[in-house]
Amino acid sequence: MTDLTPIYKIAGLGILVAVLNIFLVQAERKEQAQMLSLAGVVIVLLWLVQMVSQLFENVEAVFRW
Amino acid sequence: MLWVPLVSGLAIVLTIILSQLRSLDQSWAIILSTVFAVIVLLSLIPQVGQLMELFHGIANEAKVGTMYLSPVLKTVAVAYITSFGSQICKDAEEKTIAHIVELAGKVVICIIALPVIQAILYSLFGLIS
C-alpha cells in the first residue's frame, strides 16, 4: 500500500512557510521572508534526499543477481 | 492493485496544484513532483521484485547462466534510476543536467555490457584462428 505521509508532511510545512512568508512580507521584512522560504526548501530537501536514497537502495536490492 | 486508482487520482490533484505552483514558487513545485515520483516508485518496487523473481525462475529453467542474466538486470536498474533523475531535471527545465545524467547512465551501461562484448569478440577470434 502506498504511504502518503510524506506528501501530507510536506504540504503542511509548505502551507506553514507560505503563511509565515505572507506575515513577514506584510511586516516589511523581505530578507527574513526569503530566508524562511529557503529554510523550508532545505528542510524538505533533506527529507527528499533520505527518500531518494531509500528508493535507490531498494532498486539495488531488487536488481541484484 | 488497489493503489492504482489512488496514484492516478493523486496525480490529477498534483497536476492541478502544480500548474498554479509553477508560476508561484518553482522550487516547491519541483519538490512536490519529485516526492510524488519517489513515493510511487517506492510502492512499485515490490512488484518489480516479484517480476524479477519470475524472470530468474524462467532463466533457471532455461539454463541461462547468471553471466548473461546479470548484465541485463543491471542495465534495467541503471536505466530506471537514470530516467528518474533526468526526467526530474527536464521537468525543472534544466536540459543540460538532464543530458549529463543520461550520458552518465549510457557510459555505465556500456561498462556493464563490456564483459558480454568481450566474450563475443573472443569467441569470434577463436573461430577465425
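A quick note: this is a predicted structure, and the numbers were derived from the prediction, not measured.

Novice: Talk me through the overall build of chain B; I want residue IDs and the actual numbers.
Specialist: Looking only at helices and strands, chain B features four helices and zero strands. When the elements of chain B are put in sequence order from the N terminus, they spell out α-α-α-α. Across the 129 residues in chain B, those meeting the buried criterion constitute 12%. A sequence separation of at least 24 residues applies to 49% of the contacts in chain B between residues at least 6 apart.

Novice: Describe the nonpolar core, listing the residues and the values that go with them.
Specialist: With 18 residues, the main nonpolar core has A:Ile10, A:Val59, B:Ile31, B:Leu32, B:Val35 and B:Val38 as its most contacted residues. The element best represented in this core is helix H2 (residues 26-61) of chain B, accounting for nine residues.

Novice: Which residues make up the packing of helix H3 (residues 66-91) of chain B against helix H4 (residues 95-128) of chain B, and what values go with them?
Specialist: All names here are of chain B. In the contact formed by H3 and H4, the axes pass within 8 Å of each other and the chain directions differ by 175°. Judged on the interaxial angle alone, H4 and H3 are roughly antiparallel. Where H3 abuts H4, its residues Pro71, Lys74, Thr75, Val78, Ala79, Thr82, Gly85, Ser86, Cys89 and Lys90 lie against Lys95, Ile97, Ala98, Val101, Glu102, Gly105, Val108, Ile109, Ile112, Ala113 and Val116. A breakdown of the residues in the contact of H3 with H4 according to their chemical character gives 12 nonpolar, five polar and four charged.

Novice: Before we move on, can you summarise helix H1 (residues 5-26) of chain A with the specific residues and values?
Specialist: Because each turn of an α-helix spans 3.6 residues, side chains separated by three or four positions in sequence point in the same direction. An ideal rise of 1.5 Å per residue puts 32 Å on 22 residues; H1(A) measures up with 32 Å between its terminal C-alpha atoms. Remark: A:Glu28 follows H1(A) within two positions and exhibits a positive phi of approximately 60°.

Novice: Residues and numbers for the interface of chain B and chain A, please.
Specialist: Taken together, the contact between chain B and chain A spans 28 residues of the former and 21 residues of the latter. Put simply, the parts of the chain that give the side of chain B that touches chain A at least two residues each are helix H1 (3-24), H2 and H3 of chain B. Across the side of chain B that touches chain A, the residue classes tally to 20 nonpolar, seven polar and one charged.

Novice: Pulling in residues and values, what's your account of helix H2 (residues 30-62) of chain A?
Specialist: A rise of 1.5 Å per residue sets the reference length of H2(A), with its 33 residues, at 48 Å; its end C-alpha atoms lie 48 Å apart and thus fit the reference within 8%. When we look at burial in H2(A), the residues that qualify are A:Gly40, A:Val44, A:Val52, A:Leu55, A:Val59 and A:Val62. The inward-facing, buried residues of H2(A) contact H1 of chain A together with H2 and H3 of chain B.

Calculation criteria
- Every chain is numbered independently, its residues counted from 1 as its sequence is written.
- All chains are assigned letters beginning at A, and all ligands numbers beginning at 1, according to the order in which they are written.
- With the structure being a predicted model, the display of local features is reserved for residues of pLDDT at least 70 and the display and counting of side-chain atom pairs for 80 or more, all residues being used for whole-chain, interface and lining totals.
- Helical segments are the DSSP runs of H or I of at least four residues, strand segments are the runs of E of at least two, and each set is numbered from the N terminus.
- Burial is judged by counting other C-beta atoms within 10 Å of a residue's own C-beta: 20 or more means buried, 12 or fewer means exposed, and anything between counts as partly exposed, with every C-beta placed from the backbone.
- The contact criterion used here is simple: two residues whose C-beta atoms, placed from the backbone, lie within 7 Å are in contact.
- The nonpolar core is taken to be a set of buried Ala, Val, Leu, Ile, Met, Phe, Trp, Tyr and Cys residues joined by way of C-beta atoms within 7 Å.
- Note on geometry: axes are C-alpha line fits, over the in-contact stretch for helices, and angles between N-to-C directions span 0 to 180 degrees.
- Working definition: roughly parallel below 35 degrees, roughly antiparallel above 145 degrees, roughly perpendicular at 65 to 115 degrees, and oblique for all remaining angles.
- In this classification, the charged set is Asp, Glu, Lys and Arg, the nonpolar set is Ala, Val, Leu, Ile, Met, Phe, Trp, Tyr, Cys and Pro, and all remaining amino acids, among them Gly, are polar.
- Working rule for helices: expected span equals 1.5 Å times residues minus one.

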